[in-house]
Amino acid sequence: MIKITTLENGLRIVTESLPGKRLADLCLLVQVGSRHEKVEGGVAHAVEHCVFNGTANRSKEKITGEIEKRGGMVNAETSIESTNYTALVLKEDLGEALDILADMVQNPNFDKKELAKEKKIICQELKECADDPESVLAEATIKAAYDGQPITHLTGGRLAQVRQMTPEKLRAFVNEHYTAANMIVSASGDIEHEAFVQMCEKAFANIKSGEAVKTVPAVYEGSFEAVGRVLEQLKVEIAFKGYSYRDENRFAGQLAADILGDGFSSRLVNEVREKRGLAYDIHTWTDSFCDTGLFSVKVSSSPKQMREAIPVICEEILKFSHTLTEEELQQAKRQYISGVLFNYKKMTNHAAANAEKLFERGVINPVEKTLEAIKAVTKEDVIRVADRKSV
């Protein structure tokens, strides 16, 4: 059973009761990411790194050490729209893990010497991403779709910006955004909701209420972006305007993507790879944000074969809505439902999943409701969203 409580200061608390589970999942989600920075700088990402380096109450060693010596794990991740701090511990250690995460986000030291070391680490992370063709392609795609808008801010920032980072800049960012109105605390396991709420009331007793973060709306524009690299394979991504994770059309959009390019029986894989041998890797994917989304075709091939592959891909996209069959739709639904159930079963952190659902949609629907929404999609729905994407 999932229960939600909102404290007077605006902090939202979510619990999922899983009786008999020995482990407890914990997530502290902060509704701020790289697109909320006034200028591109990787500040949200740097804060996520640096809060582990010590607080007014704990040393750097005690933050991770206190959890790991109990057999637990702690991690964090920054994205375009949010920052997640997660922990997996024995259920009896949930209170200690909560205290540590709460201390990290409320009382970070941002020591100058520690920041200097952390900036070197972040720069190495950025260089590693710059060596990864998939990361480079993703950066180029979102830039082409929304050039010059905050949604294109790189999560990690740029090397020059990271090197100029100061403790004062990190503190200002935390003071502005790390407030109760921008936080969700979520836990799952063999726990009691009211007891966990009381833990949170104590752990976040002194946090500012603040105001919910404001997101600059993204406007899909579309353009061309090319990045020159010496590689054996040419990587191309064709991205159309998709749907946000709050738009009910996202289910039909995902089914269109699955029929077009997910699996060996999909249209693009069959036509481009199996029949013509023009590419080893070709697939579709969808990406959603709070106000927009992308529907993309990714293909990797030699420059010579890419010249042949692109017209074939375009032809398949253009004829999709005129040739869609009910059989294809039903097969895609079965695959989509299987994927949802598989991901739900293998989920290792229910707390993080629940926090993200509450952040994204304002509600946490049971998996059955998602399955019902998938089943309810009609052939006409898929044709309608496909026509939108192919114009």
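Cut-offs applied
Residues numbered from 1 in each chain as written. Predicted model: local features only at pLDDT ≥ 70, side-chain atom pairs only at ≥ 80, totals over all residues. Heavy atoms only, no water. Pairing = 2+ DSSP bridges. Helix = DSSP H or I, 4+ residues; strand = E, 2+ residues; numbered from the N terminus. Axes fitted to C-alpha atoms, helices over the stretch in contact; angles between N-to-C directions. Buried < 20%, exposed > 50% of the residue type's maximum accessible area, 1.4 Å probe, protein only. Phe/Tyr/Trp six-rings, centres within 6.5 Å; stacked < 30°, edge-to-face > 60°. Polar contact = N/O pair within 3.5 Å; in protein donor to acceptor, adjacent residues only side chain to side chain. Contact = heavy atoms within 4.5 Å. Patch = residues over 30% accessible without salt bridge, like charges linked within 9 Å, V, L, I, M, F, W, Y side chains within 5 Å. Areas by Shrake-Rupley, 256 points an atom, 1.4 Å probe, with all protein chains shown as cover. Salt bridge = Lys/Arg side-chain N within 4 Å of Asp/Glu carboxyl O. Lys, Arg positive; Asp, Glu negative; His and termini not counted. Charge placed at Lys NZ, Arg CZ, Asp CG, Glu CD. Parallel < 35°, antiparallel > 145°, perpendicular 65-115°, else oblique. Expected span 1.5 Å × (residues − 1). Arc of directions from axis to C-beta. Core = buried A, V, L, I, M, F, W, Y, C linked by side-chain atoms within 4.5 Å.

### Side note on the sheet that holds strand β4 (residues 73-78)
Here's step 1: In space, the six strands of this open sheet follow the order β1-β2-β6-β3-β5-β4, with mixed pairing throughout. The open sheet terminates on both sides in strands that have one partner only, identified here as β1 (2-6) and β4. Within the sheet, the average angular offset between the axes of one strand and its neighbour, ignoring direction, is 15 degrees.
Here's step 2: With eight bridges joining them, strand β3 (residues 23-30) and strand β5 (residues 83-90) adopt antiparallel strand pairing.

### Some words on the pairing of strand β9 (residues 293-301)
Here's step 1: The element β9 is largely enclosed, with a buried count of nine among its nine residues.
Here's step 2: A two-sided burial pattern is seen for β9, the buried positions comprising Gly293, Phe295, Val297, Val299 and Ser301 on one face and Leu294, Ser296, Lys298 and Ser300 on the other.
Here's step 3: By the bridge criterion, eight bridges tie strand β7 (residues 234-241) to β9 in an arrangement that is antiparallel. Residue pairing for β9: phenylalanine 240 is matched across the bridge by phenylalanine 295.
Here's step 4: The antiparallel pairing of strand β8 (residues 281-288) with β9 creates a hairpin that spans four residues between the two strands.

### Quick look at the packing of aromatic side chains
Here's step 1: If you walk through the whole model with that rule in mind, you get two aromatic pairs.
Here's step 2: Taking the centre distance of 6.4 Å and the plane angle of 45 degrees together, the rings of phenylalanine 52 and tyrosine 85 count as tilted. Residue phenylalanine 52 is located in the loop between α1 (43-50) and α2 (60-68), and its partner tyrosine 85 is located in strand β5; the two are separated by 33 residues in the primary sequence. Residues phenylalanine 52 and tyrosine 85 agree in their burial class; the two are buried.
Here's step 3: With centroids separated by 6.0 Å and ring planes inclined at 85 degrees, the aromatic side chains of tyrosine 146 and tyrosine 220 adopt a geometry described as edge-to-face. Taken together, the residues span a long stretch of sequence, with tyrosine 146 in helix α5 (residues 133-146) and tyrosine 220 in the loop between α8 (193-203) and β7 at a distance of 74 residues.

### A few points about the side chain of asparagine 349
Here's step 1: Structurally, asparagine 349 is set in the loop between α12 (326-346) and α13 (350-361).
Here's step 2: By relative accessible area, which is 15% here, asparagine 349 ends up buried.
Here's step 3: Polar side-chain contacts of asparagine 349 include one of 2.8 Å to the backbone nitrogen of alanine 352.
Here's step 4: Apart from residues no more than four positions distant in its own chain, asparagine 349 is found in contact with Asp25, Leu26, Thr86 and Ala87.

### Some words on a negative patch on the surface
Here's step 1: A contiguous patch of negative charge, built from Glu8, Glu192, Glu194 and Glu201, is present on the exposed surface.
Here's step 2: Its relative accessible area of 41% is what places glutamate 201 among the partly exposed residues.

### Some words on the sheet that holds β8
Here's step 1: Sheet architecture is open: three strands sit in the order β7-β9-β8, paired in antiparallel fashion. Edge positions in the sheet fall to β7 and β8, since each of these pairs with one other strand and no more. Each neighbouring strand pair of the sheet contributes to a mean axis angle of 20 degrees, computed without reference to strand direction.
Here's step 2: Its contacts with the sheet put helix α9 (residues 250-261) on β8 and β9, and the angle it makes with β8 is roughly 175 degrees.

### Some remarks on the pattern of salt bridges
A side chain with one charge can pair with a side chain of the opposite charge if their charged atoms come near.
Here's step 1: Following the criterion strictly, the structure yields 27 salt bridges and no others.
Here's step 2: One salt bridge connects arginine 276 with glutamate 271, and the closest N-O pair in it is separated by 3.0 Å.
Here's step 3: Taking the relative accessible area as the measure of exposure, glutamate 271 reaches 14% and is therefore buried.
Here's step 4: Look at the salt bridges and you will find they share partners, linking Glu66, Lys69, Arg70 and Asp93 into a network.

### Observations concerning the packing of α9 against α12
Here's step 1: Remark: α9 packs on α12, axes separated minimally by 9 Å, with the N-to-C direction vectors making an angle of 105 degrees. Here α9 lies roughly perpendicular to α12, going by the angle between them. Contacts from Phe251, Gln254, Leu255, Asp258 and Ile259 in α9 reach Glu328, Leu329, Ala332, Lys333 and Tyr336 in α12.

### Considering α5
Here's step 1: Taking 1.5 Å of rise per residue, the 14 residues of α5 would be expected to cover 20 Å, and the 20 Å separating its terminal C-alpha atoms lies within 8% of that figure.
Here's step 2: Looking only at α5, the buried set comprises Val136, Leu137, Ala140, Thr141, Ile142, Ala144, Ala145 and Tyr146.
Here's step 3: As for α5, its buried residues are in contact with α4 (112-130), β7 and β9.
Here's step 4: Positive phi appears at glycine 148, one or two residues downstream of α5, with a value of about 80 degrees.

### A closer look at helix α7 (residues 167-177)
Here's step 1: Buried within α7 we find Pro167, Leu170, Phe173, Val174 and His177. Summarising the axial view, the buried residues of α7 lie within an arc of 130 degrees, below the 170-degree limit, and thus occupy one face.

### A word on the nonpolar core
Here's step 1: Formed by 52 residues in total, the largest nonpolar core has its most connected members in Leu26, Val47, Tyr85, Tyr178 and Phe204.
Here's step 2: The greatest single-element share of this core, amounting to eight residues, is contributed by helix α3 (residues 94-106).
Here's step 3: In this structure, tyrosine 178 is in contact with Val30, Val32, Val47, Thr83, Tyr85, Val105, Phe173, Met183 and Ile207, ignoring residues within four places of it in sequence.
Here's step 4: One finds Val269, Met306, Tyr336 and Val340 within the second-largest nonpolar core, a separate group that totals 37 residues.

### Quick look at unusual backbone geometry
Here's step 1: Even without a glycine there, the phi angle at phenylalanine 110 is positive, about 55 degrees.
Here's step 2: Considering the arrangement of structural elements, one finds phenylalanine 110 in the loop between α3 and α4.

### Digging into the environment of glutamate 61
Here's step 1: Relative to the assigned elements, glutamate 61 resides in helix α2.
Here's step 2: The class for glutamate 61 is exposed, based on a relative accessible area of 56%.
Here's step 3: Along the sequence, glutamate 61 and leucine 268 sit 207 residues apart, while their C-alpha atoms lie 51 Å from each other.

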